[in-house]
Each structure stands twice: as C-alpha cells, then as structure tokens.
Amino acid sequence: MIQKINALLAEVAQAKAKNAEEVEQFRLKFLGKKGAMNDLFEAFKSVPGPEKKDVGQALNQLKVAAAAKLEEFQQALEETANDQVAYDPFLPPAPYPIGSLHPITIIKNQITDIFERMGFNISEGPEVVDDFHNFEALNFAADHPARDMQDTFFVQTNPDILLRTHTSSVQVKVMREGNLPIRTISPGRVYRNEAISARSHCFFHQIEGLYIDEKASFADLKQTLFKFVQEFFGEGVKIRFRPSFFPFTEPSAEMDIYWGLETEVDHRITKGTGWLEILGCGMVDPQVLENCGIDSKQYCGFAFGLGIERIAMLKYQIGDLRMFSENDLRFLKQFVGETA
Ligand code: DAH
C-alpha cells in the first residue's frame, strides 16, 4: 500500500491543470467521494496493526499534498479570470468621480453667455502688458495720481512691463485693431499688489465690456447693464448708479446691487449695508479713442468693467475672497452639477 501511495504522491507532484475542467478532474480523481483518497482510507481499515503508523503517515502526506495542489490550481484559475476581466475592452469603465467647474468659471461663463446673446463677441488679451496698454492709452499720465489706485506688479528688470491691473488693457488692444463698430467683452485675470484678506486679493477676475459705434449714449450703457443684471439676478433686481471717476471715461459711474440684509447669509459681503459695488463704467473719453487710433469725431462709445468674484460672492453668499483661490475640495465640491 505504501508503494501505491508513493506512486500517487508522485502523480500529484507532477499534475498539471490548464483550465477549470482539468482542475475538476484532478479534484474528483484524488479528493472526490469516489476518488483515490477515499479508496485508500477504506483500505486503511484492513491494514495490519504494526503497519498502521507508517501507512497512516503516508496517507496523510498524500491528502495534504493533493489538497495543496488543488488550491494552487484554483488560485491560478482565479488569477487568469481576473486578468481576463482587467483586459476586457467591452466592460463599462470603472466609476470615476465627476469634477466640477470652478465657481469663478461658472460665473464667467454665465456672464459672457448673457452678453453674447446681446450681440457682444469675446476678446482676450495678455496678462503681461506694457505701460501703454494698461495706463498710458487709458489716460493715466505718468504722474497721474489715479495710478496709485491700482497697486501694480512691475517686472523688476523692465518697469515698462507689468501684470495688468485691469482688463481695460484689452480695450486698448481691440480698439487699435480698428474693426469698427466694436461690441466686445473680455474676461480675464488681473493682478494688484495688495495684502491678501477676506476682501482683497493680489489676483482676481474681471470682465471688460466695450461698445464703440457712431452713436451711443449713457442711456444705452445703463440699459445694457440693467438688462444684464436682470438676466443674471432676475427681474426684481435693484441697482443704483453712483457718479465716479476713471481717467478713461467721462462721465463715469459705479453700479451697486442691492442684495438686502434679510437674505444676506454673510454680512461681510455688503459690510452690513445690503449694497455691493459690482462694476465701474462710463462713456469712453474721446482722448482714449484718439490714443487708440479711432476718430473721436465720428465714433463714441461706452465701457464697463465688472468684478467676477464680487458677483460670485453675492450669488453664492461667500464672505471670503480667499475661498476662490485656496482650492479646498470641500468648497469646490459644492459646485458639482452647477451648469455654466
Ligand atoms: N478698470 C476699472 C477697474 O479695474 C473698472 C472700469 C471702470 C472699467 C470703468 C471700465 C470702465 O471699462 O469704463 O477698477
């Protein structure tokens, strides 16, 4: 009997199984109800007493070896099955977390969409500009005190080159291209050398608007902006224009939106007044047209520049500007599913 067991041990050691069927054959042959092991255990009963110990040990050895081999086969089968799953090109892809647009992008898209429907096109300009585009062409003379209103980042090696402090620099670019009449909006990032706090940041986003034609009035400007806020915030929106000053527009104004304290979640947004300034605007100064090569006797127009963060703060009731640039996922995840 020992010989028979040893022969089977050798067989187990050399056994191979290529597929599930062969694994099953192996199992039946050795470990199945009618398999070799059961037969041997049956025969073991009639082994004479003195041989029992040796035969018993050999039998156990065979049982362990057969069971180990079976497990090896089964694992190998599972692995090939997994491999097949991983490479199956017809399986649907694994679920992938859906990202969201940044709230600034959402608001920017919503605003540009409204102006596009009003017939404005989109133009863009560089973030690094020369003094002419950011200041000089817009009537900021070299010693003009209005330059102090916009703390500027200059390129250290060349004070004529700077990070644009406003998207009004794109106005200059578009006017110099000279395709009249002009109805354009220019979204983009701007930079100011300011301390970072809940209400100010060293970079933020604006949308510039420019309308140049043979006829344009302050009433057109007001109506364009009024239509925009109605589209954006709803028919019942309350606004006010306040006289202001910009070197490149005359007359100039600022427009505030009334949010109302009752519905204001974060009172930092309107500093407890209910009103928030969202844009500057005015009639383009004839001198600016001339600076950009447009005949101011034939053409006139209006311009405006609005702050995207301000509008996003109002709409989403966000009291701290820093939220927009920190990229905290807990903040950004709240905009999943928002459409622009
Ligand atoms: N550039 C101004 C600023 O950043 C905003 C502005 C005011 C833009 C009046 C305009 C305008 O186009 O007409 O504060």
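Quick notes on the rules
- Residues numbered from 1 in each chain as written.
- Predicted model: local features only at pLDDT ≥ 70, side-chain atom pairs only at ≥ 80, totals over all residues.
- Heavy atoms only, no water.
- Helix = DSSP H or I, 4+ residues; strand = E, 2+ residues; numbered from the N terminus.
- Buried < 20%, exposed > 50% of the residue type's maximum accessible area, 1.4 Å probe, protein only.
- Areas by Shrake-Rupley, 256 points an atom, 1.4 Å probe, with all protein chains shown as cover.
- Near = heavy atom within 4 Å.
- Polar contact = N/O pair within 3.5 Å; in protein donor to acceptor, adjacent residues only side chain to side chain.
- Nonpolar A, V, L, I, M, F, W, Y, C, P; charged D, E, K, R; others polar.
- Disulfide = S-S within 2.5 Å.
- Axes fitted to C-alpha atoms, helices over the stretch in contact; angles between N-to-C directions.
- Parallel < 35°, antiparallel > 145°, perpendicular 65-115°, else oblique.
- Left-handed = near helix turned anticlockwise from the far one by under 90°.
- Contact = heavy atoms within 4.5 Å.
- Domains from an automatic or database assignment.
- Pairing = 2+ DSSP bridges.

**Q** Please explain the overall build of the protein as it appears in this structure.
**A** Each helix and strand in the protein was counted, giving 12 helices and 10 strands. Overall, the C-alpha framework of the protein stretches about 125 × 50 × 40 Å when taken along its three principal axes. Looking at the protein residue by residue over its 340 residues, the buried ones come to 43%. Here the protein has roughly 19000 Å² of accessible surface; of this, 53% comes from carbon and sulfur atoms.

**Q** How should I be thinking about the site of the ligand in this particular structure?
**A** In the vicinity of the ligand, 16 residues are found, and the nearest of them are His 166, Ser 168, Arg 192, Gln 206 and Glu 208. Between a nitrogen atom of the ligand and a side-chain N or O atom of Ser 168, the distance comes to 3.0 Å. Taking Ala 303, its main chain carries an N or O atom lying 3.1 Å from an oxygen atom of the ligand. A total of 360 Å² of accessible area belongs to the ligand in isolation, and the protein chains cover 92% of it. Within the residue set of the shell around the ligand, elements represented by two or more residues are helix H7 (168-177), strand S6 (203-213), strand S9 (275-284) and strand S10 (300-307). Taken together, the residues that form the shell around the ligand break down as 5 nonpolar, 9 polar and 2 charged.

**Q** Mind showing me how you'd approach the state of the cysteines here?
**A** By definition, a disulfide links two cysteine residues through a covalent bond between their sulfur atoms. On inspection of all chains with the given rule, the structure shows 0 disulfides. Free cysteine: Cys 281, not disulfide-bonded; nearest cysteine sulfur from Cys 300 at 15 Å. Judged by relative accessible area, Cys 281 falls into the buried class, the value being 2%.

**Q** Looking at this model, I keep getting lost on the packing of helix H1 (residues 2-14) against helix H2 (residues 20-31). Mind explaining?
**A** Relative placement of two packed helices is described by the angle separating their axes and the distance separating the axes. At a minimum axis separation of 12 Å, H1 and H2 run at an interaxial angle of 165°. In this view, H1 runs roughly antiparallel relative to H2, as classed from their interaxial angle. Considering only the axes of H1 and H2, their crossing is left-handed. Here Leu 8, Glu 11 and Val 12 of H1 lie close against H2, whose contacting residues are Phe 26, Lys 29 and Phe 30. Residues of the contact of H1 with H2, tallied by class, amount to 4 nonpolar, no polar and 2 charged.

**Q** Got a minute to help me understand the domain arrangement of the protein in this structure?
**A** Many descriptions give the size of an interface as the accessible area lost when the pieces come together. Domain parsing of the protein yields domain 1 (2-83) and domain 2 (103-335). On a C-alpha basis, the centres of domain 1 and domain 2 stand 83 Å from each other.

**Q** Please clarify how unusual backbone geometry should be interpreted in this entry.
**A** A negative phi holds for most residues other than glycine; trans holds for most peptide bonds. The step from Leu 180 to Pro 181 runs through a cis peptide bond, and the omega angle for that step is -5°. With respect to the element layout, Pro 181 can be found in the loop between H7 and strand S5 (182-191). Cis geometry is found at the peptide bond from Glu 250 to Pro 251, where omega equals -5°. Within the secondary structure, Pro 251 is located in strand S8 (residues 249-258). In this structure, Asn 139 is a non-glycine residue whose phi angle is positive, near 75°. Here Asn 139 lies in the loop between helix H6 (131-134) and strand S3 (154-155). One non-glycine residue with positive phi stands out, namely Gln 317, at about 55°. With respect to the helices and strands, Gln 317 occurs in the loop between helix H10 (308-316) and helix H11 (323-326). Residue Gln 317 is classed as buried on the basis of its relative accessible area, which comes to 13%.

**Q** How should the packing of helix H5 (residues 103-117) against helix H8 (residues 218-233) be read in this particular structure?
**A** At a closest axis distance of 10 Å, the pairing of H5 and H8 adopts a crossing angle of 130°. By the angle class used here, H5 and H8 are oblique. H5 and H8 meet at a crossing whose hand is right-handed. In contact with Ile 107, Gln 110, Ile 111, Ile 114, Phe 115 and Arg 117 of H5, H8 contributes Thr 224, Phe 228, Glu 231 and Phe 232. Grouping the constituent residues of the contact of H5 with H8 by class yields 6 nonpolar, 2 polar and 2 charged.

**Q** Quick question: what am I supposed to make of the pairing of S10 here?
**A** As a general feature of sheets, a regular strand has side chains that alternate between the two faces. Among the 8 residues that make up S10, 6 are buried, leaving the element largely enclosed by the rest of the structure. As judged from the 8 bridges shared by S6 and S10, these two strands associate in the antiparallel manner. The partner of Glu 208 across the bridge, within S10, is Gly 305. Bridge analysis of S9 against S10 gives 5 bridges, and the strand direction is antiparallel.

**Q** Whenever I open this one, the sheet that holds strand S4 (residues 158-163) confuses me. Can you help?
**A** One key point about sheets: their strands pair by backbone hydrogen bonds, in either a parallel or an antiparallel sense. Taken together, 3 strands build an open sheet; the order of strands is S2-S4-S3 and the sheet is antiparallel. With partners counted over all chains shown, the strands left at the sheet margins are strand S2 (128-130) and S3, one partner each.

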